[in-house]
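# Notes for the structure review
Read off the chains here:
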Amino acid sequence: MSNEPKKTICLEHQCAEDQATPYGMVCPHCKRRLYTNPPRGNLMSFWESQPVAFSLDREPCFVYSLMWENCRIRSVHLPDQEATVNESSEFKSHF
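Residues numbered from 1 in each chain as written. Predicted model: local features only at pLDDT ≥ 70, side-chain atom pairs only at ≥ 80, totals over all residues. Heavy atoms only, no water.

## Section: the pairing of strand β6 (residues 60-67)
Strand direction decides the pairing type here: strand β4 (residues 44-47) and β6, joined by 4 bridges, are antiparallel. Its bridge partner lying in β6, Ser45 is registered against Leu66. Pairing analysis gives 6 bridges linking β6 to strand β7 (residues 72-77), with the strands arranged antiparallel. Counted as the bridge partner of Tyr64 is Ser75 from β7. The turn joining β6 and β7, which pair antiparallel and follow one another in sequence, is formed by 4 residues. (Pairing = 2+ DSSP bridges. Helix = DSSP H or I, 4+ residues; strand = E, 2+ residues; numbered from the N terminus.)

What follows is the structure in structure tokens.
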């Protein structure tokens, strides 16, 4: 079983969020923006209520938002592929 975190993708820049910040993981472009032009106001963070997409296994992909007065970072969280593979392998293991 893999200890890799679930993959997240920045919706604005369409790249992997693999850069650590005090606010969590973000993409390299968002990290640069956070440090060169820091956001103003209070941080609000929330999950959007509806899935934005579905994986090939029909698992929902939800969006998580970090929002300030002048900045918003939206990330799509892909389903845990390892869990999906393990669940489906139980049915395929005896073939």
